[in-house]
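A closer look at the structure
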Amino acid sequence: MELTGLLLAMVVASPVLYLLAKMSKMLAYVLLMIEEIAIFGILLLNKGVVSQYEWVELFGNLKLNFSITPLSWFLGTIVMLVIALTTLFMLPIKHKSAIKVFLFNIISAAALGAFFAADFFTLLIFVEIMTWATLIMIVQDRKYSWKEALKYVATGAVGSYSFMYAVFMLYKKFGTLEYSAVGQALSDTSSAFQITIYVLFGVMALAKSGAFPLHIWRRGAYSESPDEFTPVFAGVLSKIGDYVFFLTVILLPSVELFANMPALRGVPLPNYIMAALGGISIILGTVLAIRQEDAKKLMAYSSVANSGYFFLAFGIGGTYATIGGLMHILNHALATAAVFMAFAAVIYRTGTTELHKLGGLIFKMPFTFIAYLVGIISLAGIPPTSGFVSKWLIYQQLVRDGLPFLGFAAFFGSIGSFMYVFKPLTGIFLGQLKPEHREVKEAPLPMVIPMMLLTLLTVFWGILPSNAIAYINKIAEQVGTGTIEVTFSKIVAMTGEWDSVVVTTVFFVGFVIALIIFMMGKKAKQVELMDTYTGGEFIYTAELYHFVYKMYRPFDRMFENWPSMEDWLSSLSDKIKEFGALLRTLFYPKSPQGYVALGMLTLLVAFWWLR
């Protein structure tokens with residue numbers, strides 16, 4: 001496979017698709033789908049490639065370097081799988097536009113380039129292209145989305161500048177930015193330099209992944225972005241932060257280089273701090289998800305919680321955590337994409353994701369319901385879905401290392417996810433059907449097909465996780481973290497074996513028994529929503545019967561007085577604006593030149609300090 005040719009073709013195709021969309025939007029969308037599916041197919045055919053290196057010379061010594069390794073193939077294939085299925089899902093949407101086609105293709109090319117980059121400069125270039133294209137994509141459909149888009153790009157800029165500063169430091173010291181060369185050279189540098197690079201890369205990873213304390217962009221960006229784009233945004237683009245953190249701990253390698261520093265239960269302090277931030281992300285994301293009344297915002301905070309698992313797993317390191325973390329990337333991409341597609345399908349038919357305005361859609365949209373149900377079961381880590389295996393492996397490492405806070409955080413996230421995923425389940429699909437939704441139909445076939453494929457893959461890798469872990473073992477072997485023993489249906493770990501086929505059989509038998517009991521029981525009588533009464537009186541407002549609104553109010557009250565990071569940042573933003581207004585009032589009216597000079601002086605001082 002000529003990777004550089006593939007990327008070049010995608011870049012060239014973007015303006016062509018844009019011009020075609022000006023003439024026929026449907027034709028451009030169909031061609032986009034064909035292109036993305038073809039690229040996914042090409043990647044699949046190159047599964048056996050162990051190592052391949054390519055570059056593109058820009059000018060002078062400046063090159064863009066790419067490589068195909070088991071890790072880049074694994075992540076690149078996940079990305080293109082979700083993107084290809086999303087392009088099929090997008091065909092029936094109502095708000096098609098030429099700029100969306102252009103941006104979607106640019107974003108997919110940038111994501112592919114980032115995961116196949118072989119040096120930090122190439123990675124930075126493609127991540128920035130992806131970030132700015134995503135910024136424009138966020139503001140396409142909703143009137144007041146600019147504020148959230150700016151919050152996304154401002155938070156991302158913190159990570160980008162941090163990463164850029166680290167890249168400059170590495171190039172100045174080593175004269176190269178290629179991953180393998182930097183990894184070898186870093187081991188011979190001082191601890192101070194290693195820590196600096198680790199922190200700068202860590203900030204980049206937290207910002208792009210949307211983990212605590214740089215998680216503030218997720219809720220607004222996910223809820224305001226076009227509904228058909230959110231599966232890609234949440235499912236794969238945020239994985240670039242997890243990838244950067246994985247590169248950081250593997251290339252340094254931080255556990256070995258920081259071995260002489262203070263440690264907690266054998267985990268060096270720098271690694272433990274990042275893992276602890278992951279633990280806080282899990283707890284914070286779970287609590288905030290439970291408190292949401294909008295489905296997309298709820299899942300946005302669910303993604304904050306799941307990002308925490310990546311930082312926790314890669315931070316503590318070890319065979320089980322590393323393989324579990326990589327498996328969790330696969331699970332989260334599939335399940336999150338399926339859940340956001342289900343939400344998009346519901347919005348397509350009803351026009352809302354506010355939980356108290358929905359209900360009873362299970363018989364109207366059964367395939368959408370199945371996609372959501374399997375997706376949330378996987379996110380909660382329940383067998384026989386693939387989400388169970390990754391969390392089970394991470395728990396193995398936590399038990400082995402004896403890390404109580406991180407173990408509590410991981411367990412809290414799993415239990416808490418039962419609460420928040422149950423909320424959309426009852427709010428959207430169960431309960432009474434609203435009178436205005438009596439004529440609602442299942443989503444169109446192009447939307448149903450990708451949802452069902454993602455659902456089947458989630459179940460497949462839940463029943464046979466050894467299929468995925470066998471390949472992840474190749475990655476683990478290459479990066480030197482060790483492998484785990486797997487057979488056709490068994491995973492051998494520290495506390496015992498997991499036979500997924502036996503567990504699935506037990507679940508199936510239990511389901512059949514429950515079904516038989518249900519069929520033999522007295523039939524329930526279906527009544528209309530308003531054909532009932534409460535407290536001896538009939539209620540004539542359908543919304544009053546919706547029990548999902550403020551469903552966890554007692555739980556919510558426990559946290560309503562907790563400090564809010566978003567409120568603190570909003571207050572800080574207001575103070576900066578007021579300070580800027582003060583400077584403008586003092587200097588600009590009397591001397592515009594002095595105002596500009598003061599601005600330039602501030603920039604020069606900042607440059608001198610950062611040089």
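Residues numbered from 1 in each chain as written. Predicted model: local features only at pLDDT ≥ 70, side-chain atom pairs only at ≥ 80, totals over all residues. Heavy atoms only, no water.

What follows deals with the overall build of the chain. Scanning the chain for helices and strands turns up 24 helices and nine strands. Taking 2.2 N^0.38 as the reference for a compact globule, 611 residues should give roughly 25 Å; the C-alpha atoms of the chain span a radius of gyration of 25 Å, in line with that estimate. Principal-axis analysis of the C-alpha atoms gives the chain an extent of 75 × 70 × 55 Å. Looking at the 611 residues of the chain, the share that counts as buried comes to 55%. Residue pairs in contact within the chain that sit at least 24 positions apart in sequence constitute 77% of those at least 6 positions apart. Accessible surface, the chain: about 27100 Å² in total, of which carbon and sulfur atoms supply 68%. In the chain, 43 side chains carry a positive charge and 37 a negative one; their mean positions are 5 Å apart. (Helix = DSSP H or I, 4+ residues; strand = E, 2+ residues; numbered from the N terminus. Rg over C-alpha atoms; globule rule 2.2 N^0.38 Å. Buried < 20%, exposed > 50% of the residue type's maximum accessible area, 1.4 Å probe, protein only. Contact = heavy atoms within 4.5 Å. Areas by Shrake-Rupley, 256 points an atom, 1.4 Å probe, with all protein chains shown as cover. Lys, Arg positive; Asp, Glu negative; His and termini not counted. Charge placed at Lys NZ, Arg CZ, Asp CG, Glu CD.)

Attention now moves to the pairing of strand E7 (residues 496-499). Across four bridges, the pairing between strand E6 (residues 490-493) and E7 is antiparallel. Bridge pairing in E7 places Lys-490 opposite Asp-499. With antiparallel pairing between neighbouring strands as the criterion, E6 and E7 make up a hairpin whose turn holds two residues. (Pairing = 2+ DSSP bridges.)

In this section: the sheet that holds strand E5 (residues 485-486). In spatial order, the strands read E5-E6-E7; together these three strands make up an open sheet with antiparallel pairing. Looking at the sheet topology across the chains shown, the edges are occupied by E5 and E7.

Bringing the layout of surface pockets into the picture now. When its volume is computed, the largest pocket comes out at roughly 750 Å³. Contributing to the lining of the largest pocket are 24 residues, with Lys-151, Ile-216, Leu-569, Ser-570 and Ser-573 lying nearest its centre. Looking at the lining of the largest pocket, the elements that each hand over two or more residues are helix H6 (146-174), helix H9 (218-224) and helix H23 (565-587). The element best represented in the lining of the largest pocket is H23, accounting for nine residues. Its residues assigned to classes, the lining of the largest pocket comprises ten nonpolar, five polar and nine charged. (1 Å grid on protein atoms, 1.4 Å probe; cavity = no way out; pocket = protein on both sides within 12 Å on 5 of 7 lines; lining within 4 Å. Points joined across faces, edges and corners; volume = space filled by probe spheres on them. Nonpolar A, V, L, I, M, F, W, Y, C, P; charged D, E, K, R; others polar.)

The end-to-end C-alpha distance of helix H15 (residues 319-350), which contains 32 residues, comes to 46 Å, matching closely the 46 Å that a straight helix rising 1.5 Å per residue would cover. Across the 32 residues of H15, 31 count as buried, placing the element largely inside the fold. A positive phi of about 85 degrees marks Gly-351, the residue just after H15. (Expected span 1.5 Å × (residues − 1).)

It is worth spelling out the UniProt feature "domain: NADH:quinone oxidoreductase/Mrp antiporter transmembrane" (unreviewed entry) in the chain at this point. Within this numbering scheme, the UniProt entry marks residues 117-414 as carrying the feature "domain: NADH:quinone oxidoreductase/Mrp antiporter transmembrane" (unreviewed entry). Along residues 117-414 one finds 75% helix and 1% strand; the C-alpha atoms at either end are 34 Å apart. (UniProt positions renumbered as here; feature names shortened; annotations may be inferred.)

A word on helix H14 (residues 295-316). Compared with an ideal rise of 1.5 Å per residue, which puts 22 residues at 32 Å, H14 spans 32 Å between its outermost C-alpha atoms and is within 8% of the ideal. Of all the 22 residues making up H14, 21 are buried; the element is thus mostly covered by neighbouring parts of the structure. Its side-chain oxygen at 3.0 Å from the backbone nitrogen of Lys-296, Asp-294 defines the N-terminal cap of H14. One or two residues past the end of H14 sits Gly-317, with phi positive at roughly 70 degrees. (Polar contact = N/O pair within 3.5 Å; in protein donor to acceptor, adjacent residues only side chain to side chain.)

This part covers the packing of helix H1 (residues 3-23) against helix H2 (residues 25-45). Orientation of H1 relative to H2, taken along the N-to-C sense of each, is 165 degrees, at an axis distance of 7 Å. Judged by the angle between their axes, H1 and H2 are roughly antiparallel. Crossing geometry of H1 relative to H2 is assigned as left-handed. For the pair H1 and H2, contact is made by Leu-6, Met-10, Ala-13, Leu-17, Leu-20, Ala-21 and Met-23 and by Lys-25, Leu-27, Ala-28, Leu-31, Leu-32, Glu-35, Glu-36, Ile-39 and Ile-42, respectively. Split into classes, the residues belonging to the contact of H1 with H2 amount to 13 nonpolar, no polar and three charged. (Axes fitted to C-alpha atoms, helices over the stretch in contact; angles between N-to-C directions. Parallel < 35°, antiparallel > 145°, perpendicular 65-115°, else oblique. Left-handed = near helix turned anticlockwise from the far one by under 90°.)

We now examine the environment of Lys-239. With respect to the element layout, Lys-239 can be found in helix H11 (residues 239-251). Taking the C-alpha atoms as reference, Lys-239 lies 16 Å from Ala-338; in sequence the two are 99 residues apart. Ignoring any residue separated from it by four or fewer positions in sequence, one finds Lys-239 in contact with Phe-115, Ala-234, Phe-310, Ile-329, His-332 and Ala-333.

Next up on the list: the packing of helix H16 (residues 366-379) against helix H19 (residues 445-463). Two elements in contact, H16 and H19, have axes whose closest approach is 9 Å; the angle formed by their N-to-C orientations is 35 degrees. Where H16 crosses over H19, the handedness of that crossing is left-handed. Residue-level inspection shows Phe-367, Thr-368, Ile-370, Ala-371, Val-374 and Ser-378 of H16 in contact with H19, the latter providing Val-448, Met-451, Met-452, Thr-455, Thr-458 and Val-459. In terms of residue class, the contact of H16 with H19 is built from eight nonpolar, four polar and no charged.

A separate point is the confidence of the model for the chain. Here the chain averages 87 in pLDDT, and 95% of its residues register 70 or above. When the elements of the chain are averaged for pLDDT, strand E8 (residues 533-534) gives the smallest value, 68, and H19 the largest, 95. (pLDDT = per-residue confidence, 0-100.)

By the definition in use, this model includes seven salt bridges. One salt bridge connects Lys-151 with Glu-148, and the closest N-O pair in it is separated by 3.5 Å. You can see Lys-151 and its partner Glu-148 sitting in helix H6, three residues apart, about one turn around the helix. Residue Lys-151 is classed as partly exposed on the basis of its relative accessible area, which comes to 23%. The class of Glu-148 is buried, set by a relative accessible area of 16%. Its salt-bridge partner being Asp-227, residue Lys-296 comes within 2.8 Å of it at the nearest N-O pair. (Salt bridge = Lys/Arg side-chain N within 4 Å of Asp/Glu carboxyl O.)

What is expected of a backbone is that most residues other than glycine have negative phi and most peptide bonds are trans. Cis rather than trans, the peptide bond between Phe-212 and Pro-213 has omega equal to 5 degrees. Its place among the elements puts Pro-213 in the loop between helix H8 (191-209) and H9. Look at the link from Pro-383 to Pro-384: it is a cis peptide, with omega at 5 degrees. Within the secondary structure layout, Pro-384 lies in the loop between H16 and helix H17 (386-401). The backbone phi angle of Arg-265 is positive, close to 55 degrees, even though this residue is not glycine. Here Arg-265 lies in the loop between strand E3 (263-264) and strand E4 (267-268).

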